[in-house]
Amino acid sequence: MERGISQTALLVAVAIVLAIAITALALIARPSAVNERCRFRLFRLGGAINAWVEDHGHRSFPSIVNPQPGDLWLPGRTGSAGLVLWNYLGGNIPSQPHRDETPEQYAERLRGNELSVCPASGLEYWYDDQGLGSTTPNELLSHQPPEIRYFHCQQIHGAAPHHLHGQDGAFAVFGLIGASGAQIVTKADVAVMRTDLVRLEGDHSTLGAKDREERIDLLRGRIEALDQEMGSSGQVEMKRLSAEVRFLPAPR
């Protein structure tokens, strides 16, 4: 009997230790998982900015309207990063509300998958519109400045949303000269773009009118920018931007 009681007590003790260990691992893993999701989303946003810049001939950065500070993300806000960069972030059509969902529950569910939202806070990433409005992609490519911040996490009621390496802070994505250097674009490449433009102008079957016109304008603008930079030479070197995500510790 004593032996049986001892074995039962041992099993209970092991179960308790395992439960504590699993709970501790979950608490440790959750912030790490949230951090990785945040890094991934910011990296996607940085890549979307760079793709937008290339499609617009390096003339400017996109015009994105920040929300009111502290406002939770809601779908369809005019000028939001999710809408402006729609085509460069995958352009998935949001799922419909479930039959038993309230509007608040529906927004919360969409918020969990929205790339323009920090997963630690539910707040939209803050676009550095002042810095990006005072420079151009071409200046950035010329190292004037050598890099610039695109987006960063908003604070939650004045507190940093993330914790990493024993410090509170936020993640941010920067645009800078890519490790791949530059891309050589030739007259033959531009000729292919012109062929694509003619095909797109005559394609009325697979695209909606608004989407089609937007792509035509983008492609036409890129061709014009390349023609201008290329001049009479046979090619032009197009420097490329890359995106880098960093953790910014909160000031103490």
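Residues numbered from 1 in each chain as written. Predicted model: local features only at pLDDT ≥ 70, side-chain atom pairs only at ≥ 80, totals over all residues. Heavy atoms only, no water.

Student: Please clarify how the overall build of the protein chain should be interpreted in this entry.
Tutor: The secondary structure content of the protein chain amounts to seven helices and five strands. Overall, the protein chain shows an N-to-C arrangement of helices and strands of α-α-α-β-α-α-β-β-β-α-α-β. Out of the 252 residues belonging to the protein chain, those deemed buried represent 36%. For the protein chain, contacts bridging at least 24 residues in sequence account for 71% of all contacts bridging at least 6. Only carbon and sulfur atoms are counted for the fraction: they give 57% of the accessible area of the protein chain, which is about 15,100 Å². (Helix = DSSP H or I, 4+ residues; strand = E, 2+ residues; numbered from the N terminus. Buried < 20%, exposed > 50% of the residue type's maximum accessible area, 1.4 Å probe, protein only. Contact = heavy atoms within 4.5 Å. Areas by Shrake-Rupley, 256 points an atom, 1.4 Å probe, with all protein chains shown as cover.)

Student: Help me understand the packing of aromatic side chains, please; the structure alone is not making it clear to me.
Tutor: Aromatic ring pairs are reported here in terms of the distance separating the ring centres and the angle at which the planes meet. In this structure the tally under the stated criterion is three aromatic pairs. It is arginine 246 that lies over the ring of phenylalanine 174; its NZ or CZ is 4.4 Å from the centre. (Phe/Tyr/Trp six-rings, centres within 6.5 Å; stacked < 30°, edge-to-face > 60°. Lys NZ or Arg CZ within 6 Å of the ring centre and 35° of its normal.)

Student: Could you clarify how one ought to interpret the pattern of salt bridges in this entry?
Tutor: Pairs can form between side chains of opposite charge whenever their charged atoms are close. Under the counting rule described, the total for this entry stands at eight salt bridges. Here arginine 220 makes a salt bridge to glutamate 201, at a shortest N to O gap of 2.8 Å. On the criterion of sequence distance, the pair formed by arginine 220 in helix 7 (residues 209–230) and glutamate 201 in helix 6 (residues 187–201) is long-range, its members being 19 residues apart. Judged by relative accessible area, arginine 220 falls into the partly exposed class, the value being 32%. By relative accessible area, which is 30% here, glutamate 201 ends up partly exposed. Between arginine 246 and glutamate 244 there is a salt bridge, with the nearest N and O atoms lying 2.6 Å from each other. (Salt bridge = Lys/Arg side-chain N within 4 Å of Asp/Glu carboxyl O.)

Student: In this structure, what is going on with the confidence of the model for the protein chain? I would like to understand it.
Tutor: For any part of a model where pLDDT is low, the fine detail of the predicted coordinates should not be relied upon. Chain-level pLDDT for the protein chain is 81 on average; 80% of the residues reach the 70-or-more range. Confidence, read as mean pLDDT per element, is least for helix 1 (residues 2–55) in the protein chain (67) and greatest for strand 1 (residues 126–127) (98). Residue range residues 19–29 is modelled with pLDDT below 50. Its contacts to residues more than four positions away, or to other chains, number zero contacts. (pLDDT = per-residue confidence, 0-100.)

Student: Even after reading the chapter, I still don't get the nonpolar core, so can you show me in this structure?
Tutor: Considering soluble globular proteins, one finds that nonpolar side chains tend to be buried as a cluster. Of all hydrophobic cores here, the largest spans 32 residues; its most connected members are Leu42, Ile49, Phe61, Leu85, Tyr125, Tyr150 and Phe151. Every element with two or more residues in this core is listed here: helix 1, helix 5 (137–141), strand 2 (147–152), strand 4 (167–186) and strand 5 (235–249). Discounting residues that sit within four places of it in the chain, leucine 42 has contacts with Tyr125, Phe151, Phe171, Ala172, Val173 and Val245. Within the second largest apolar cluster, 11 residues are counted, among which are Val190, Met193, Ile216 and Val236. (Core = buried A, V, L, I, M, F, W, Y, C linked by side-chain atoms within 4.5 Å.)

Student: Whenever I open this one, the side chain of asparagine 35 confuses me. Can you help?
Tutor: With respect to the helices and strands, asparagine 35 occurs in helix 1. Setting aside anything within four residues of it in sequence, one finds asparagine 35 in contact with His162, His163, Leu164 and Phe171.

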